[in-house]
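Structure at a glance
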Amino acid sequence: MAAGYLDILRARHAVRLLVGTLVGRLPNGTAHIAIVLFTRAEGGSYTLAGALAAAYGLATAVGQPLLGRAVDLYGQPRVQLPAAVVSALGMAALALTGLGPLPAAYAAVVVAGLFTPPLEGGLRALWPAVLGREDRVHRAYAMDAVAQEIMFTVGPLLVTVLVSLWSPAAALLVINAIGVLGALSVVLSEPSRAWRSAPREAHWLGALRSPGLLALLGAFFFVGVALGSITVAGVAYADDQGRESVYGWLMAALGLGALIGGAVYGARQWAGAPERRLRVIVALLALGYLPLMLTPGVPAMTALAALAGVFLAPAIACSFIVVDRHAPRGTVTEAFSWLVTTFGVGAAAGTAVAGPAVETGGTAWSFAVAGAGGVAALLVLLATGRVLAVPGRTPTVVAGSENDRNGAAEPGFSSGHKA
């Protein structure tokens, strides 16, 4: 299992790009947690916490594809670093001014979300130039998903540690300062500075003119709903237990389960169309969310959270391949950014619904939102099976198509549709 990942990490620039992207994405990966804890510490209700987190998520959803398109047009350094700085300043404004006046708090989270740099989509655009072969790129997608889960495991713990040592406001400031440093590391790297997108057809819809991509985004909206609702539901469960630290352990367990699942998934080559494989994985993902409604004691709940996360990273890694198969030429960063946007909108909807669910029916109802999101994602994939069965074009994991400025693809590099 480890040999395949080590092969990728030995490639020049791979470690720097992976680590820099993860560090740069830390503010976005922990924003919903940090906003909820900050709002509660300032005396705000669950509904307000969910609304602020939703505003951030919606702003991110708007900003990611716009910034992703800008990256495709103008390159990574000219977009990624300025966006990271502005986003950090937005969160700093929230930390320093608090919840009053409330319109200023909303404005701060909107600015922070709108300018979140599309580092995630940018990394996936860089992998073909750094790794060359299609099989290595697909394994890198799985490793990328696993590495994200490390961030989602460590991130909540880091936030809770910073909150316990200092305050929620200090946590916001520190996390976002670290994020700017991560973005800086990426954009100063040689692959990021050299990368240029392939020529693209002028079309106002950009990547969204692909029916298969739209179907995938519809499904992953509901995966985002599930994840966003768990953010609020986990805080409510921790409050029920009377221990704030329980929340960090639940989120860490969720990330640990996804880490294990992603590591196993990426360790082998899978036969068959990834679209069919994705339906099976999402079905198992939905099945893992449903037992969370039982809300047992902390040890059992932690185990259930880990089980719920097992199929998350495989679902994400498989979705990367599907995006690659359906995105129109020249829209690679934008297409991956739309996937991030889908998660943002879904997570915003999940947090917005889960807050009132806690106050109306208790913690179990908020976890029910997660289960419903997983089931809905599966239904979308089943309903759009025919659309997803036909890739929109040759995948972009061809070194010469998206990432080689001289247009010279590596000899023998496969660009077929095998997963």
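Analysis parameters
Residues numbered from 1 in each chain as written. Predicted model: local features only at pLDDT ≥ 70, side-chain atom pairs only at ≥ 80, totals over all residues. Heavy atoms only, no water. Core = buried A, V, L, I, M, F, W, Y, C linked by side-chain atoms within 4.5 Å. Buried < 20%, exposed > 50% of the residue type's maximum accessible area, 1.4 Å probe, protein only. Helix = DSSP H or I, 4+ residues; strand = E, 2+ residues; numbered from the N terminus. Contact = heavy atoms within 4.5 Å. Salt bridge = Lys/Arg side-chain N within 4 Å of Asp/Glu carboxyl O. Phe/Tyr/Trp six-rings, centres within 6.5 Å; stacked < 30°, edge-to-face > 60°. Lys NZ or Arg CZ within 6 Å of the ring centre and 35° of its normal.

1. Here we look at the nonpolar core
- Residues Trp127 and Phe220 are the most contacted members of the largest nonpolar core, which totals 105 residues.
- For this core, the element with the most residues is helix 11 (residues 211–241), which contributes 15 residues.
- Once residues within four sequence positions are removed from consideration, Phe220 is found in contact with Leu278, Ala315, Ser319, Leu339, Thr342 and Phe343.

2. Things to note about the pattern of salt bridges
- Evaluation of the coordinates by the stated rule reveals eight salt bridges.
- Of the charged contacts in the structure, one is a salt bridge between Arg136 and Asp7, with a shortest N-O distance of 3.1 Å. Of the two residues, Arg136 sits in helix 8 (residues 134–165) while Asp7 sits in helix 1 (residues 2–9), which places them 129 residues apart along the sequence.
- For Arg136, a relative accessible area of 14% translates into the label buried.
- The partner of Arg25 in a salt bridge is Glu120, and the shortest N-O contact between them spans 3.1 Å. Taken together, the residues span a long stretch of sequence, with Arg25 in the loop between helix 2 (14–24) and helix 3 (26–41) and Glu120 in helix 7 (residues 119–131) at a distance of 95 residues. For the pair shown, Arg25 and Glu120 are each scored as buried.

3. Here we look at the packing of aromatic side chains
- Here the structure, examined in full by the defined rule, presents five aromatic pairs.
- Here the aromatic rings of Phe320 and Phe336 are separated by 6.1 Å at their centres, their planes lie at 85 degrees, and the arrangement is edge-to-face. With Phe320 in helix 15 (residues 312–326) and Phe336 in helix 16 (residues 332–361), this pair connects stretches of sequence that are 16 residues apart.
- The exposure class assigned to Phe336 is buried, which follows from its relative accessible area of 1%.
- Ring pairs connect the aromatic residues Tyr141, Phe320 and Phe336, which therefore count as one cluster.
- The ring of Tyr46 is capped by Arg40, whose NZ or CZ atom sits 4.2 Å from the centre of that ring.
- For the cation-ring pair, Arg124 lies above Phe336, with the distance from its terminal atom to the ring centre recorded as 5.9 Å.

4. Considering unusual backbone geometry
- In this chain, Gly100 is followed by Pro101 through a cis amide linkage whose omega measures -5 degrees.
- Along the chain, Pro101 turns up in the loop between helix 5 (77–97) and helix 6 (102–114).
- One non-glycine residue, Thr295, adopts positive backbone phi at about 40 degrees.
- Within the fold, Thr295 resides in the loop between helix 13 (274–289) and helix 14 (298–309).

Fair warning: the whole summary comes from geometry, so function is off the table for now.
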